[in-house]
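Examination of the molecular architecture
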Amino acid sequence: MKRIIKKVAVLGSGVMGSRIACHFANIGVPVLLLDIAPKELTADEEKKGLKLDAPAVRNRIVNSALQAAVAANPSPLYRKSEASRIKTGNFDDNLKEIANCDWVIEVVVERLDIKKSLYERVEQFRKKGTLITSNTSGIPIHLLAEGRSEDFKQHFAGTHFFNPPRYLKLLEIIPTPETKPEVVDFLLHYGDLYLGKTVVLAKDTPGFIANRVGVFALLDAMQTMQKLGLTVEETDKLTGPVIGHAKSATLRTSDVVGLDTTINVANGLAQGLPDDEAKDVFVLPDFVKKMGENKWLGDKTGQGFYKKVKGEGGKSEIHALDLNTLEYKPSQKVKFATLELTKSIDKLADRFKVLVGGKDKAGEFYRLSFGSLFAYVSNRIPEIADQLYKIDDALRAGFGWELGPFETWDALGVQAGIDLAKAAGRTVAPWVEEMLAAGNPTFYKVENGVRKFYDKESKQYQPVSGVENFIILDNLRASGKVLWKNAGASVIDLGDGILNVEFHSKMNSLGTDVIQGLLKGVEMAEAGYRGLVVGNDAPNFSAGANLGLVYMQALEQEFDELNMMIQQFQQAMMRMRYSSIPVVGTPHGLTLGGGCELNLHCDRVVASAESYIGLVEFGVGLIPGGGGTKEMTLRTAAKYEEGEPEFNLLRNTYMTISTAKVSTSAAEAFDLGFLRRGDEIVVNSNRVIAQAKAAAIELADAGYSQPSQKTNIKVHGKGALAMFKTGVYAMKEGKYISAHDQKIADKLAYVMCGGDLSSPTEVSEQYLLDLEREAFLSLCGERKTLERIQSILTTGKPLRN
């Protein structure tokens, strides 16, 4: 039967339940969010004379939870207004309304008796065929289904979201033997296409996949830390970005999540895995037990492995726990010779051999931890997953690892990994050595653009499933689809007459090489292809223009060269915008400054839902100089015929640029004017490039023709300029902004108003580009602008001067 999700019920409004509800609201699905009704009044309710039967009282718990979620930062919602799709209620009064829902998700407290009691009530109202799933992270799924009706069991499974559900991509699907195959298939498909998840089919084993391996790695790191006498700061330095893990690394992550959560999960795994060959790892270290007893649980109790204290002058300082004395001391900067050797190695996979080869404690730590990890994951096939890529998918999507365990092992070399495991006193599963003996040297390989994994069961390489609808640029590169490249960009053949320009500069910053790549891509596409996509597989689309280059030329007062560079950037944007083939942009992650300007000049934009788009040049003492100011002015002028006062529209755009607003989602980018009607949002970032290719084909099939530059952009001249200058002067006099801020703001106003024209006039794009470039260059000559740029380059933080 064709299944359509028109409405979802979420039972339980705690941190996970409320945020799962928010994510369904994000994708346009109405949600019924329910929780228990209070048993007694609060003091405030008594003062107001309310009774227990008052609706405000009965829904107090669920309403408070939803309000807390909506107010959270980072937000679980793409826009605050999405919360209007969520209706709240309680189990006593509103559970009957689940009869109108197509999917019921249970997210109540992790107690088997409470969940089963709720399921009995659900059975009274749930209509046959409705999906019913649990978000449990630790209770066996088959136990939850015991005693339920046949139809309930057939449509029941575990759906384990990771917190926060909007941002962490993993969704584990855990069926029972009674779950219908078509239900499993639907959950896998829906989670990928509509919820934007990396969906992994897991077995009903303790911790499923991600927590089983992730918590093992966390506890093993703690034990290795203790064995080698490492500090808290040293351990986090070794287990963070240098190995492709989150900046919060191991112990800081535990503080954020809550040490009590770590303790509960670890104890649950220890009890549920009496036969695990590495069960010793799940025994909590004494210092963790002591921290638990002291309620040093992390952020929720004000102290954990780290503690924020007030130092001299009231300035906040971070102190770290000394594991030997259990006292807090000022956090120390960490240096290891091994880590210093990796600073020049940008590619993560190339760092691992250097790390395990280190002669200091860092090298010893990596040899022990990688050896233990490799042995552990090899022995989990087929216990927790039949295919090894599912373990990698789960750790990447659930714990934020850039490379999964088997991908890391491949980077080091399979035999080298076996040797590390033996040296660490661990035993690798026999199938790994059998794989090598059979002449299969890696866990993964790419053939004809298809990524394959070594399948233990068939003893053959099989295609990784679930990615058939993705375009993975790494795979295309490996299969010889790169048609042109330089140090900063590549032109890749996506097939079907569509090319792709990919950046590979640091942070995908837009410098000379990238501009050359963009122009080459347009030239090649016009010569023999149908369209062009500008996209990459990096975490961020682009952090903006190469500020280091701007800084050096401005510092040396090479203004002719700087003028030429900015002009070339502007010309590249216009060349792309007014080419004879459709160009599609693919913003995702950080899409700032020049990255935003590039997308403003595309025929269409296919944005990842998690796109943080903005013109942020004001923060470094500049205005958008790569066509961004021109394009936002043009887009604003195009709205003048819609009826809203023109100065209001212009002021809104001016404020967006002058306050360096960055969208918190692609949806919000529409509100800020960075995206426009016709642009698309894709919830699953893995699908963006494929959807962008489809959009380019659609535009080409529709008979795309080369557009002409605009010459009729209405600007307001002196009338609007006076309004802006008056407002900026008042801000300066009120000490809300600095004198330099005032100068930048006046320059921005001058460009957006078309200069000091005596009356409203129609001007061309080139006219505005010339004004924009002139203003940009003049600001580059300001000492305070150079100080701001230097601050960004050296500290990563803006300077307010």
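The structure reproduced in this document is the subject of the present report. None of the values given here were measured: they were computed from a predicted structure.

What counts as what
- Residues numbered from 1 in each chain as written.
- Predicted model: local features only at pLDDT ≥ 70, side-chain atom pairs only at ≥ 80, totals over all residues.
- Heavy atoms only, no water.
- Buried < 20%, exposed > 50% of the residue type's maximum accessible area, 1.4 Å probe, protein only.
- Helix = DSSP H or I, 4+ residues; strand = E, 2+ residues; numbered from the N terminus.
- Arc of directions from axis to C-beta.
- Contact = heavy atoms within 4.5 Å.
- Polar contact = N/O pair within 3.5 Å; in protein donor to acceptor, adjacent residues only side chain to side chain.
- Pairing = 2+ DSSP bridges.
- Axes fitted to C-alpha atoms, helices over the stretch in contact; angles between N-to-C directions.
- Phe/Tyr/Trp six-rings, centres within 6.5 Å; stacked < 30°, edge-to-face > 60°.
- Lys NZ or Arg CZ within 6 Å of the ring centre and 35° of its normal.
- Parallel < 35°, antiparallel > 145°, perpendicular 65-115°, else oblique.
- Left-handed = near helix turned anticlockwise from the far one by under 90°.
- Nonpolar A, V, L, I, M, F, W, Y, C, P; charged D, E, K, R; others polar.

Turning to helix α21 (residues 430–437), a few remarks are in order. Listed in full, the buried residues belonging to α21 are W431, V432 and M435. Buried residues along α21 cover an arc of 105° about the axis, so they all sit on one side. For α21, exposure combined with an orientation more than 90 degrees from the buried face picks out P430 and A437. On its buried side, α21 packs onto α17 (361–378), α18 (388–399), α19 (405–412), α20 (414–423) and β13 (450–455). Trailing α21 by a residue or two, G439 shows a phi angle of about 90°, which is positive.

When you line up the elements, N90 lands in strand β3 (residues 86–90). You can call N90 buried: its relative accessible area is 1%. A polar contact is formed between the side chain of N90 and the backbone nitrogen of D92, at a distance of 3.0 Å. Only 2.8 Å separates the side chain of N90 from the backbone nitrogen of D93, close enough to count as a polar contact. What N90 contacts, discounting residues up to four positions off in sequence, is L34, D35, I36, A37, R58, N59 and L95.

Within the open sheet, the three strands sit side by side as β9-β10-β11. Their pairing is antiparallel. Edge positions in the open sheet fall to β9 (306–310) and β11 (327–330), since each of these has one partner strand only. Neighbouring strand axes in the sheet, compared pairwise and without regard to direction, differ in orientation by 45° on average. The sheet contact formed by β9 and strand β10 (residues 316–322) spans five bridges and is antiparallel. Bridged to V309 within β10 is E317.

The next thing to look at is the packing of aromatic side chains. What the rule picks out here adds up to 28 aromatic pairs. Judged by centre distance (5.6 Å) and plane angle (85°), the rings of F352 and F370 are edge-to-face. Residue F352 is found in helix α16 (residues 348–356), and its partner F370 is found in helix α17; the two are separated by 18 residues along the sequence. A cation sits over an aromatic face here: R3 above F186, 5.8 Å from the ring centre. A cation over an aromatic ring shows up here: R148 above the ring of F152, its NZ or CZ 5.8 Å from the ring centre.

It is worth spelling out the packing of helix α27 (residues 628–637) against helix α33 (residues 765–780) at this point. Taken N-terminus to C-terminus, the directions of α27 and α33 make an angle of 135°; their axes are 8 Å apart at the nearest point. Overall, the two elements α27 and α33 adopt an arrangement that is oblique. Crossing angle aside, the handedness with which α27 passes α33 is right-handed. Between α27, through G628, T629, K630, E631, T633 and L634, and α33, the contact on the second element is made entirely by E765, L768, L769 and E772. Classifying every residue of the contact of α27 with α33 gives three nonpolar, three polar and four charged.

Function cannot be inferred from these measures alone, as they are strictly geometric.
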